[in-house]
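Structural features, examined
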Amino acid sequence: MTDEEMTQLAINTIRTLSIDAVQQAKSGHPGTPMALAPLIYTIWNRVMRFDPEDPIWPNRDRFVLSNGHASMLLWSVLHLTRTKAVNANYERLGHVSVSLEDIRHFRQLDSKAPGHPEYHWVSGVETTTGPLGQGVATSVGMAIAQKWLAHRYNRPRFDIFDYNVYAVCGDGCLMEGISSEAASLAGHLGLDNLCWIYDNNHITIEGKTRITFTEDVEARFLAYGWNVLRVGNANDLERIEQALAIFRKTKERPTFIVLDSHIGYGSPHKQDTAAAHGEPLGDDEVRLCKRAYGWPEDKTFLVPDGVYQHFAAGVGARGAETRRKWAELFAAYRTEYPDAAEEIELMQRRELPSGWDRNLPVFAADPKGIAGRDASGKTLNVLAQNIPWLLGGSADLGPSNKTTLNYEGAGDFQADNPGGKNLHFGIREHAMAAIINGLSLSKLRGYGASFFIFSDYARPAIRLSALMELPTIFIFTHDAMGDGEDGPTHQPVEHLASLRAIPGLVTLRPADANEVIEAYRYIMQLRHEPAVLVLSRQPLPTLDRKKYAPASGVALGAYVLADAPGGDPEVVLIASGSEVILAVEAHERLFADGIGSRVVSMPSWDIFEHQTQEYQDSVLPPSLVARIAVEQASTFGWERYIGKRGRMIGMKTFGASAPLKELQKKFGFEPDQIVAAAKELLGKN
Ligand SMILES: Cc1ncc(C[n+]2csc(CCOP(=O)(O)OP(=O)(O)O)c2C)c(N)n1
Ligand SMILES: [Mg+2]
């Protein structure tokens, strides 16, 4: 067999595995894998530096399949390259990541060939994709990470980090706003390590793109500052290879390759139609496709002789050699630069450097207090100095969010200063959150910030953080009605409830400056969960921790802050954030009136629910049914803590534009109103 024939056989193996898997599953997306098999083949077998033996080797090239519905491309190539599995402790397991059995069970329970690429579930998947646009936006974070890592760790003769990032996307990805945000930023930053390949097939689910998407995409990317290339035939391997070679030589600009393709390539009745996008071809059409490829029509899930070896000789050999050289390089680097090498190793395991929490501030009791965002800014500035790879920024609200790192040498990340620790995302919350995911997937500790109200603009990517189990950090300030005069457009109501509903996401709303520090202490130690920190704009009194319980209770999610004498309260007041101080004042007044109450500070439902039942019952004794929750947010969900007989002082409407004091009065967030509710509940009014 000639080389060319072998290559064609390998490409058709990707095609037919994809076709057979979709047919067997009776669902899935065959058309795009049929069209893009040559592209995937070329990137993987001819270009990428990826060692199937170690899919988490730090200097591997990254591959992102942003059009995640074409997942069979990835399952085919991971299988054919015999990529090995690793576990959550970053140990190599010896067996293959995606077996032929998995592919036979495409989209079935427990198969390592699920419907869409899932990071964490299948080794070799660099990021979860499926929500269109997320993959390409995340790839920008990966490219930023490479630039930052190279700047910090490379030394003369030691190119420890010099990998490239490849992302494949379709019409859907490019229609989604997030990709425009991300492409605009990538162009601004001149990320020449980033290559997007656009599957220009003129088809989406509803038909031809001429019904919705007729702009000049190439001109748009040129305007973003990208180098734009075009390959007019998706089956032309030499042209694809050439375009990828141009990418690798291009400096100071990311590369955008437009690849003209035919969805369902080879299918006599479905090629170039939307019907090829998202349904099985049908038995007859499958036969006709196989005939067109010169494939045995009756064979299913066939991997012809020589195909595994062909991938082993391509990406396998190149990857092994590159990784071997890198390992040698890194060994020498470790001798010359032991501290830098140790940082790299810690980072890979998501561990913290020793002394990571030294010099954290402690705030003395102060009735005037300090805003959550200010306490956060002080804490973050200390942590970022202790943890070199903690970096991030805001979507243009740094001065308001107090997330700017202003210590000497922190610097701004820009094309000409890739070592800067302040990222400027511009007003692009959605891309920001995806980029934070990309940083985290590259093992940096990334944070992103905005007003809490705009968490909505970032939410789809935050959700993916949780799905991927990434320790990302989102810092949202102006957490309730604190920006009073800005009015209801800027006052979050349902946001806490909505984020609390995301499985695995740790949402924290601290009550005072010391709770902010403890929240950070908790967050920094997370390795597999994202966290959202919800902070006040306005000053909050710093509680006297000699009088009240220590703020370390934050690590338990909720804790008894103040209690009735003898620990035998008639009523419990549960609050988070800025409302905790109101509950404390109500508690003091109730005490003066001879009513024993308990104040529970509850910064995090999620953390609290992970405590033992015994602890939870000690904070909220089941027999104590007189319960009042106070939170400047939607009442939605609080029933679980206040029970049928409890009261909730929360928001059932949007807020209003007025000074905070007036809003607090109007909506019931005053100690007297809490006292009145408690007395009413106890029948003592
Ligand atoms: C954010 C988002 N919206 C909608 C979908 C549902 N969806 C999946 S694929 C698709 C069409 C995508 O068209 P294109 O990217 O051109 O893919 P092709 O059919 O060409 O492979 C849609 C609407 C999705 N996955 N994500
Ligand atoms: Mg398309």
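Owing to the predicted nature of the structure, the values given are computational and were not obtained by experimental measurement. (Residues numbered from 1 in each chain as written. Chains lettered and ligands numbered in written order. Predicted model: local features only at pLDDT ≥ 70, side-chain atom pairs only at ≥ 80, totals over all residues. Heavy atoms only, no water.)

Comments concerning the pattern of salt bridges
Summed over all chains, the structure comprises 39 salt bridges. Between Arg-49 and Asp-162 there is a salt bridge whose closest N-O contact spans 3.6 Å. Of the two residues, Arg-49 sits in the loop between helix 2 (31-47) and strand 1 (62-65) while Asp-162 sits in the loop between helix 5 (134-153) and strand 4 (165-169), which places them 113 residues apart along the sequence. For Asp-162, a relative accessible area of 30% puts it in the partly exposed group. Between Asp-357 and Arg-521 there is a salt bridge; the shortest N-O distance is 3.2 Å. Residue Asp-357 is found in the loop between helix 12 (338-348) and strand 10 (366-371), and its partner Arg-521 is found in helix 18 (residues 513-524); the two are separated by 164 residues along the sequence. Salt bridges sharing common partners tie together Asp-51, Asp-54, Arg-92 and Arg-323. (Salt bridge = Lys/Arg side-chain N within 4 Å of Asp/Glu carboxyl O. Helix = DSSP H or I, 4+ residues; strand = E, 2+ residues; numbered from the N terminus. Buried < 20%, exposed > 50% of the residue type's maximum accessible area, 1.4 Å probe, protein only.)

Side note on the packing of helix 13 (residues 372-386) against helix 18
Running from N to C, helix 13 and helix 18 point in directions that differ by 45°, and their axes come no closer than 9 Å. The orientation of helix 13 with respect to helix 18, classified from their angle, is oblique. Seen from above, helix 13 lies across helix 18 with right-handed handedness. Along the contact surface, helix 13 presents Gly-372, Ala-375, Ser-376, Thr-379, Leu-380 and Leu-383, while helix 18 presents Ala-513, Val-516, Ile-517, Tyr-520 and Met-524. Within the contact of helix 13 with helix 18, the residues separate by chemical class into 8 nonpolar, 3 polar and no charged. (Axes fitted to C-alpha atoms, helices over the stretch in contact; angles between N-to-C directions. Parallel < 35°, antiparallel > 145°, perpendicular 65-115°, else oblique. Left-handed = near helix turned anticlockwise from the far one by under 90°. Contact = heavy atoms within 4.5 Å. Nonpolar A, V, L, I, M, F, W, Y, C, P; charged D, E, K, R; others polar.)

Considering the coordination of the magnesium ion (ligand 2)
The reference angle at a metal is 109.5 degrees if four donors form a tetrahedron and 90 or 180 degrees if six donors form an octahedron. All of the protein donors around the magnesium ion (ligand 2) are Asp-171 (OD), Asn-201 (OD1) and Ile-203 (O); their distances to the metal are 2.1 Å. Here the donor residues for the magnesium ion (ligand 2) map to a single chain with the spacing D-x29-N-x1-I. (Donors = N, O, S within 2.8 Å, 3.2 Å for Na, K, Ca; no water.)

Topic: the side chain of Glu-343
Among the structural elements, Glu-343 can be located in helix 12. There is a polar contact of 3.0 Å between the side chain of Glu-343 and the side chain of Arg-152. Not counting chain neighbours up to four residues away, the residues in contact with Glu-343 comprise Arg-152, Tyr-153, Pro-388 and Trp-389. (Polar contact = N/O pair within 3.5 Å; in protein donor to acceptor, adjacent residues only side chain to side chain.)

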